[in-house]
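Summary of structural features
Letter by letter, the chains look like this.
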Amino acid sequence: MRSAISQPDCLDILAEGRFAGFLLRRGFAKVHMEPFHQGPDIRAQFNDAQVFFEVKRRRPNKDDSLLLKTAGPFLYEKPETVNDIISVKLRQLREDESNVLVIWSDTISEVG
């Protein structure tokens with residue numbers, strides 16, 4: 001029996017679905033989501049090429065509200081945070097395949 005999915009995990013899957021819709025609107029075909037798979041989250045076909053997408057949703061943190069008040073709607077991650085995200089996600093991509101790492105952010109709509 002599968003355990004309950006947390007709200008952040010549900011939001012991650014929603015971001016993947018929204019990105020899958022984006023791909024369909026941009027002419028990709030055979031878009032398949034694989035949210036519980038250990039590899040990339042989405043595979044799609046563009047012309048004759050198969051492309052794999054790993055979608056990472058940027059989760060808001062406690063400092064975002066303060067940053068929004070001082071920096072406006074443009075939030076910037078510390079370089080080491082972005083490097084950590086990329087290094088972890090690169091392990092999930094397929095070797096010898098076309099891969100794209102997507103960092104999705106809903107920060108502005110989630111910060112209150």
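For the structure, check the block above.
Residues numbered from 1 in each chain as written. Predicted model: local features only at pLDDT ≥ 70, side-chain atom pairs only at ≥ 80, totals over all residues. Heavy atoms only, no water.

Before going further, it helps to spend a moment on the pattern of salt bridges. A side chain with one charge can pair with a side chain of the opposite charge if their charged atoms come near. Evaluated as defined, the whole model comprises 2 salt bridges. Between Arg57 and Asp12 there is a salt bridge whose closest N-O contact spans 2.8 Å. One end of the pair, Arg57, is in strand β3 (residues 49-58); the other, Asp12, is in helix α1 (residues 7-25), and 45 residues separate them in sequence. For the pair Arg57 and Asp12, one class covers both residues: buried. For Glu34, the salt bridge identified is with Arg43, shortest N-O distance 2.8 Å. Residue Glu34 is classed as buried on the basis of its relative accessible area of 15%. On the basis of relative accessibility, which here comes to 27%, the residue Arg43 falls in the partly exposed class. (Salt bridge = Lys/Arg side-chain N within 4 Å of Asp/Glu carboxyl O. Helix = DSSP H or I, 4+ residues; strand = E, 2+ residues; numbered from the N terminus. Buried < 20%, exposed > 50% of the residue type's maximum accessible area, 1.4 Å probe, protein only.)

With that settled, consider α1. If you check α1, its first and last C-alpha atoms are 27 Å apart, about what 19 residues at 1.5 Å a residue would give, namely 27 Å. Buried within α1 are the following residues: Asp12, Ala15, Glu16, Phe19, Ala20, Gly21 and Leu23. (Expected span 1.5 Å × (residues − 1).)

Turning next to the side chain of Glu16. By the element assignment, Glu16 lies in helix α1. With a relative accessible area of 6%, Glu16 lands in the buried category. When residues no more than four places from it in sequence are discounted, the contact partners of Glu16 are Met33, Pro35, Asp41, Ile42 and Val55. (Contact = heavy atoms within 4.5 Å.)

Let us look at the packing of aromatic side chains. Counting across every chain of the model gives 5 aromatic pairs. When the ring of Phe19 is compared with that of Phe22, the centres are 5.5 Å apart and the planes differ by 25°; the resulting orientation is stacked. Separated by 3 residues within a single helix, Phe19 and Phe22 lie in helix α1, roughly one turn from each other. A centroid spacing of 6.4 Å and a plane angle of 80° characterise the contact between Phe19 and Trp104, whose relative ring orientation is edge-to-face. Linking Phe19 in helix α1 with Trp104 in strand β4 (residues 98-105), this pair joins segments that are 85 residues apart in sequence. Classification of Phe19 by relative accessible area gives buried; the value is 8%. Accessibility expressed as a relative area gives 16% for Trp104, which makes it buried. Taken together, the ring pairs connect Phe19, Phe22, Phe28, Phe46, Phe53 and Trp104 into an aromatic cluster. (Phe/Tyr/Trp six-rings, centres within 6.5 Å; stacked < 30°, edge-to-face > 60°.)

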